[in-house]
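# Close look at the chain arrangement
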Amino acid sequence: MEKKDVVNVSPSNSVRLIHPMHTVLVSCAGKDGKPNIITLAWAMPTSISPPLVAVSIAPRRHSHSLIEETGEFVVNIPTMDILDATFYCGRVSGRDRDKFKEAGLTPMPARKVKPPIIGECVAHLECKLYGKYPTGDHTIFVGEIVEAYANKGCFSEAGYNLEKAKMIFHVGGNEFATLEPKIHKPKT
Ligand SMILES: Cc1cc2nc3c(=O)[nH]c(=O)nc-3n(C[C@H](O)[C@H](O)[C@H](O)COP(=O)(O)O)c2cc1C
């Protein structure tokens, strides 16, 4: 193979090479019950049995303290319908503001955890803290999924209906994308 023509990427920017990342809204609440929302691009499944999901949150975020305090959170899946609210929740801290109110999002009771779900999202994974791992300038919180549900018509066991659920992917900075609503299957 001839030498590849490449663009060098600085170490600090190299994580962008695995973006666009599926963007989620995590709702959480402190012991006082006051709910908060944090926008995250760094979230991933880590186990099927038990069902586990990991989110990576910097210690300076207010949500980091809230999750440490109560050990509960909900991973909510936003769509392009609430792109502005999703970006907003990733730009201001809930330390002294009510992001539900300011972003125009609706808190609704969850089934098994205290933090509310976000009504405008199409799917919800209720989590109880399973483990916590420091990793550089972030902490990986692993949640055991104790309840999961999605809006009717948006999801079936085969996966999302991409025509209906236009999920948000973070490209970088203030740039986002969604998937073309078409399924591609490999030949074999
Ligand atoms: C698209 C997007 C993705 C983000 N992803 C993460 C992330 O994965 N981890 C993180 O700690 N912060 C992430 N942030 C930053 C937090 O959402 C932001 O600092 C937020 O204001 C923290 O809120 P809080 O202080 O109320 O917890 C992201 C922001 C945006 C806009």
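Scroll up to find the structure this text is about.
Right, let's walk through the structure included here. (Residues numbered from 1 in each chain as written. Predicted model: local features only at pLDDT ≥ 70, side-chain atom pairs only at ≥ 80, totals over all residues. Heavy atoms only, no water.)

So, about a nonpolar patch on the surface. Together, Val 7, Val 9 and Leu 17 give the surface a local cluster of nonpolar side chains, amounting to about 310 Å² of exposed area. Relative to the assigned elements, Leu 17 resides in the segment before strand S1 (21–22). (Patch = residues over 30% accessible without salt bridge, like charges linked within 9 Å, V, L, I, M, F, W, Y side chains within 5 Å. Areas by Shrake-Rupley, 256 points an atom, 1.4 Å probe, with all protein chains shown as cover. Salt bridge = Lys/Arg side-chain N within 4 Å of Asp/Glu carboxyl O. Helix = DSSP H or I, 4+ residues; strand = E, 2+ residues; numbered from the N terminus.)

Moving on, we come to the environment of Met 1. Here Met 1 shows up in the segment before S1. It is 39 Å that separates the C-alpha atoms of Met 1 and Val 55, two residues lying 54 residues apart in sequence.

Bringing the layout of surface pockets into the picture now. Over the atoms a probe the size of a water molecule is rolled, and this reveals where empty space is left. Reported here for the largest pocket is a volume of approximately 590 Å³. As for the largest pocket, its lining consists of 30 residues, of which Thr 39, Leu 40, Ala 41, Arg 61 and Gly 90 are closest to the centre. Within the residue set of the lining of the largest pocket, elements represented by two or more residues are strand S3 (35–40), strand S5 (52–57), helix H1 (62–70) and helix H2 (83–89). The element best represented in the lining of the largest pocket is S3, accounting for 5 residues. The residue inventory of the lining of the largest pocket, partitioned by class, reads 11 nonpolar, 13 polar and 6 charged. (1 Å grid on protein atoms, 1.4 Å probe; cavity = no way out; pocket = protein on both sides within 12 Å on 5 of 7 lines; lining within 4 Å. Points joined across faces, edges and corners; volume = space filled by probe spheres on them. Nonpolar A, V, L, I, M, F, W, Y, C, P; charged D, E, K, R; others polar.)

With that settled, the discussion passes to the sheet that holds strand S10 (residues 138–150). One open sheet accounts for 7 strands, arranged S3-S2-S6-S9-S10-S5-S4; its pairing is antiparallel. This sheet does not close on itself; its edge strands, each paired only once, are S3 and strand S4 (43–47). When strand polarity is set aside, the average angle formed by the axes of neighbouring strands in this sheet is 35°. In this sheet, strand S6 (residues 72–77) lies alongside strand S2 (residues 24–29) in antiparallel orientation, the contact comprising 3 bridges. Note that in S6 the partner of Leu 25 across the bridge is Asn 76. Relative to the sheet, H1 contacts S2, S3, S5, S6, strand S9 (123–135) and S10, its axis offset from that of S2 by approximately 55°. (Pairing = 2+ DSSP bridges. Axes fitted to C-alpha atoms, helices over the stretch in contact; angles between N-to-C directions. Contact = heavy atoms within 4.5 Å.)

Where S6 and S9 come together, 6 bridges link them in antiparallel fashion. Following the sheet pairing, Val 75 is matched in S9 by Leu 125. As judged from the 12 bridges shared by S9 and S10, these two strands associate in the antiparallel manner. For Tyr 133, the partnering residue across the bridge sits in S10 and is Ile 140.

Attention shifts here to the site of the ligand. Surveying the vicinity of the ligand reveals 23 residues, the closest of which are Thr 39, Ser 63, Val 92, Ser 93 and Gly 94. Arg 61 places a polar side-chain atom, nitrogen or oxygen, 3.0 Å from an oxygen atom of the ligand. One nitrogen or oxygen atom from the side chain of Ser 63 is found 2.5 Å from an oxygen atom belonging to the ligand. Taking 650 Å² as the accessible area of the ligand by itself, protein coverage stands at 90%. Applying the majority rule of atoms within 2 Å of the grid points places the ligand in the largest pocket. Mapped by element, the contributors of at least two residues to the shell around the ligand are S3, S5, H1 and H2. At 4 residues, the largest contribution of residues to the shell around the ligand is made by S3. (Near = heavy atom within 4 Å. Polar contact = N/O pair within 3.5 Å; in protein donor to acceptor, adjacent residues only side chain to side chain. Sits in = over half its atoms within 2 Å of the grid points.)

In short, shape yes, function no, at least from these values alone.
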